[in-house]
Amino acid sequence: MKRKHIDKFYNTTIKSKEYEVFALSLPITLIHKNMFNDTEHFLKTQYDLLHSHVDVLASLYFDGNALSPTDLYDATVFSSGGMTKVLKKLEERNLIKREASSNDKRSMLISLTKEGKELIENCMIEVAKQKEAKFSILTPKEKEDLKNILSKLTYSFI
């Protein structure tokens with residue numbers, strides 16, 4: 001989207017009370033779209049991964065434990081069929097492993113392999129650097145305020 005269109009949009013929405021909420025939602029949409037596309041391109045070219053792969057790897061990494069497919073499904077935004085495809089791809093690349101649960105032998109737990117842990121650590125550091133560059137125009141106070149606002153909005157959706 002070009003600046004002239006964004007300027008026109010803001011000038012229109014500010015004047016129209018019934019559409020004022022779009023002055024809040026459009027920026028979030030545009031930011032998400034641009035950051036998603038930039039990150040997707042980076043992940044594909046540098047790691048041959050998709051966001052969905054990184055979502056699963058990051059969920060396992062930040063949880064620090066093995067998770068059941070149901071827990072992974074709850075921690076991400078995939079359908080169960082989508083999760084099966086992602087897990088299969090990650091297992092083929094030796095980034096995750098499946099093991100029977102000690103509590104229930106019928107249940108499988110998913111965990112990172114050593115290779116998966118190293119890959120997600122490197123990947124997250126590089127992605128964080130890219131995202132930090134995008135937010136460098138904000139002051140520390142603005143960043144803190146934005147984190148609080150976005151956290152409040154995020155929780156309102158669950």
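Here, every reference points to the structure presented above.
Residues numbered from 1 in each chain as written. Predicted model: local features only at pLDDT ≥ 70, side-chain atom pairs only at ≥ 80, totals over all residues. Heavy atoms only, no water.

What to know about the pattern of salt bridges
Threshold: A pairing counts as a salt bridge when a side-chain nitrogen of Lys or Arg comes within 4 Å of a carboxyl oxygen of Asp or Glu. Note on conventions: DSSP H or I runs of at least 4 residues are helices, E runs of at least 2 residues are strands, and numbering of each starts at the N terminus.
Inspection of every chain in the model, using the stated rule, returns nine salt bridges. Measuring nitrogen to oxygen at the nearest pair gives 3.4 Å for the salt bridge that ties Lys129 to Glu126. In this pair, Lys129 and Glu126 both sit in helix H6 (residues 114–135), three residues apart, roughly one turn of the helix. Two residues, Glu144 and Lys147, come together in a salt bridge whose shortest N-O distance is 3.3 Å. Of the two residues, Glu144 and Lys147 both sit in helix H7 (residues 140–156), three residues apart, roughly one turn of that helix.

Some remarks on unusual backbone geometry
For clarity, the threshold we go by: In this scheme, a residue with accessible area under 20% of its type's maximum is buried, one over 50% is exposed, and one in between is partly exposed, where area comes from a 1.4 Å probe on protein chains only.
A positive phi is found at Asp48, a non-glycine position, where the angle reads about 55°. Here Asn94, not a glycine, exhibits a phi torsion of approximately 60°, which is positive. Counting through the fold element by element, Asn94 comes out in the loop between helix H5 (80–92) and strand S1 (96–100). Classification of Asn94 by relative accessible area gives partly exposed; the value is 37%.

Examining the packing of aromatic side chains
To keep things clear, this is the line we draw: Each aromatic pair joins two rings of Phe, Tyr and Trp (for Trp, the six-membered one) with centres within 6.5 Å, and gets the label stacked for planes under 30 degrees apart, edge-to-face for over 60, and tilted for any other angle.
Considering all chains together, one arrives at four aromatic pairs under this definition. Ring centres of Phe9 and Tyr10 lie 5.8 Å apart, and the angle between their planes is 70°; this geometry places the pair in the edge-to-face category. Judged by relative accessible area, Tyr10 falls into the partly exposed class, the value being 29%.

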